[in-house]
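# Report on the structure
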Amino acid sequence: MNSRKLLLPKPFLVTAISFSALFSATFSQASISYTDNLANAEYYLWRTTATVYDGKISLQNSRAKKPLFGPFRADSAYSQLSSSFTVSPRGAALADLDGDSYLDLLVVNDGYPIRIFPGNGATLLGASAIVIDQSFPSRSVATGDVDGDGRIDFVVGNYGDNTIPNQFYPNSAGGFAAPVAVAPDSQNTVAVALADLNGDRKPDLVTASDMAGLKIYLNTGVAASPFPATASFAYGAAGISAISLCDMNLDGFLDIVAANGGGGPDSLYTGVGDGSFNLSPSMIGYGGHSAVATGDINLDGYADVVFGRSGGSPVWVMNIDGNLFGGEQFIDEGGPTASGVALADLDADGDLDMVFSDNGGNTPTAYYNQNRGFNFIRRP
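Structural notes, computed from the coordinates.

Each value, and the rule that gives it
Residues numbered from 1 in each chain as written. Predicted model: local features only at pLDDT ≥ 70, side-chain atom pairs only at ≥ 80, totals over all residues. Heavy atoms only, no water. Pairing = 2+ DSSP bridges. Helix = DSSP H or I, 4+ residues; strand = E, 2+ residues; numbered from the N terminus. Axes fitted to C-alpha atoms, helices over the stretch in contact; angles between N-to-C directions. Buried < 20%, exposed > 50% of the residue type's maximum accessible area, 1.4 Å probe, protein only. Core = buried A, V, L, I, M, F, W, Y, C linked by side-chain atoms within 4.5 Å. Salt bridge = Lys/Arg side-chain N within 4 Å of Asp/Glu carboxyl O.

Before going further, it helps to spend a moment on the sheet that holds strand β29 (residues 325-330). In spatial order, the strands read β26-β27-β28-β29; together these four strands make up an open sheet with antiparallel pairing. The sheet is open, and its two borders are formed by β26 (291-295) and β29, each paired with just one other strand. The average undirected angle you get between the axes of adjacent strands in this sheet is 20°. One ladder, built from five bridges, connects β26 with strand β27 (residues 304-308); its direction is antiparallel. For Gly295, the partnering residue across the bridge sits in β27 and is Asp304.

Turning our attention to the sheet that holds strand β33 (residues 375-379). As summarised here, the arrangement of the four strands in space is β30-β31-β32-β33, forming an open sheet in which the pairing is antiparallel. Of all strands in the sheet, those with a lone pairing partner are β30 (341-344) and β33, marking the two edges. With direction set aside, neighbouring strand axes in the sheet form an average angle of 25°. Two elements, β30 and strand β31 (residues 353-356), share four bridges in a ladder whose sense is antiparallel. Paired with Ala342 across the bridge in β31 is Val355.

Moving on, we come to unusual backbone geometry. Within the chain, Ser101 stands out as a residue other than glycine whose phi angle is a positive 80°. Along the chain, the position of Ser101 falls in the loop between β8 (89-95) and β9 (104-109). Residue Ser101 is classed as partly exposed on the basis of its relative accessible area, which comes to 24%. Although it is not a glycine, Arg372 sits at a positive phi angle of roughly 55°. Tracing the sequence through the fold places Arg372 in the loop between β32 (365-370) and β33.

Each regular strand displays side chains that alternate between the two surfaces of the sheet. By the criterion of burial, strand β18 (residues 189-195) is predominantly enclosed, with seven of the seven residues buried. Here six bridges tie β18 to strand β19 (residues 204-209), and the two strands are oriented antiparallel to one another. Residue pairing across strands places Ala193 opposite Val206, the latter belonging to β19.

It is worth spelling out the nonpolar core at this point. Core analysis: the biggest nonpolar cluster contains 20 residues, and Val206, Leu214, Ile243, Leu245 and Ile256 have the highest contact counts within it. Secondary structure elements with two or more residues in this core: β18, β19, β20 (213-217), β22 (240-246) and β23 (255-260). Take this core: its biggest share by element is four residues, from β18.

Let us look at the environment of Lys202. On the secondary structure map, Lys202 appears in the loop between β18 and β19. Taking the relative accessible area as the measure of exposure, Lys202 reaches 26% and is therefore partly exposed.

Attention now goes to the pattern of salt bridges. A complete count under the given rule lists seven salt bridges for this structure. Among the salt bridges present, the one from Asp200 reaches Lys202, with a minimum N-O distance of 3.2 Å. Take Asp200: its relative accessible area is 25%, and that puts it in the partly exposed class. We note a salt bridge from Asp332 to Arg378, for which the minimum N-O separation is 2.6 Å. Placement of the pair is Asp332 in the loop between β29 and β30 and Arg378 in strand β33, with a sequence separation of 46 residues. Residue Asp332 is classed as buried on the basis of its relative accessible area of 17%. In this structure, a network of salt bridges that share partners links the residues Arg90, Asp110 and Arg139.

Here it is in C-alpha cells:
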C-alpha cells in the first residue's frame, strides 16, 4: 500500500461496493474512481472508456462504434466484443447501479438510447446490456443517490433549448423509472455533476452550459422532484466546455473549476458552504480548453488543474497556496485532440499520471508523471 496521500476531489457516492475507502467523482466528459491502495483505480473518458480491475486496465474505444476491450499497457492491442452497443457516445460513468457490489458502466449517447453494461468484478457484460430508450442529444452524465433510497440514480445533461430538458433517472426496485425533467432553465448543457454543496448529506446538481454558464440546484429532499424548477444560484460564464469539482483551497468546501472552450478564461469559483459560490471567479487559465481534471500533480497538498485542448497542447496549472495559481505549463508539444482527461496513479509510484481521450479517432494518450510534474513520459 502506498503511504503517500493523493489529493483528489471530495466524493459523494453511496454504494455497496466492497472496495476499501472507495471514492468517486464525475466531471463533464471524464470520470475517475480509486481506492485507498490505488490498486483498483478506474478511469473512463468520453469516446473511450478505460477500467482497471486489480491492476488490469481495459479500454472501450467507442469512436469505433463498438466497445473494444483488452489489457492496456498504452501500446497493447485491443479485443472487440461481438456486438455493437454504442452509437455516438458522449458521456460515461462507473457505479454500482444494480446493487450487486460490482461496478457497472453507464454510457449516454447523442441522439440514441442510454446503455448500461453490468459488471461482474472482472469485466463488463456487453451481451447483457440494459437499454433505456431515449433519444436526447446527451452530452454528460453524473451518478449518485439523489433521492436517498440507497440506490444509485443518475442525471443526464442534454444539449438543446428549453424543449430538451436535462433528465433525472431514479433507480427503483424494478430498475430505472421514467425520467423526470430537471434543470429546465439550463439550456445547452455540456456538463453535469452531483455533489453535496451545502453539507446536508444530499447530492446537489451542478450544470454547465456553453451559453448559460453555471447553475446550482440544491437537493429538495423530495424524491419525486429532487431539484427545484429554477436554479438556486446561477453564474454567467459563456463558453464553458467542462467542469471539475474539488476543494482547491482546503477550506472544507467544494469549489468549481470551469474550463472555457470559447473566448473567455478558465475560471475558479470558490464555494462558501451553503451551495453558493464566490461571485468574482479567479482566472486560472487562458481558455480554449475542452477538458479539465483536478488532482495534486506535484504532491504539495493542493489540487492542481490539468487542461486538455481539442487542438493543441495539454497543460497543467500549479495550485500554489489555494488562492494563487501559476501559469500554464506544457505537458506535451502538440498532444491529443482531447475530449476528456482523467487522473490516476497508473504506475504505482505515488504520484498522479493522466490519460487523455482523443476525438480524432486515435487511442487514448497516457502521460506518466515524472519528478512531480516537471516532466511527463508519453505513451503511446
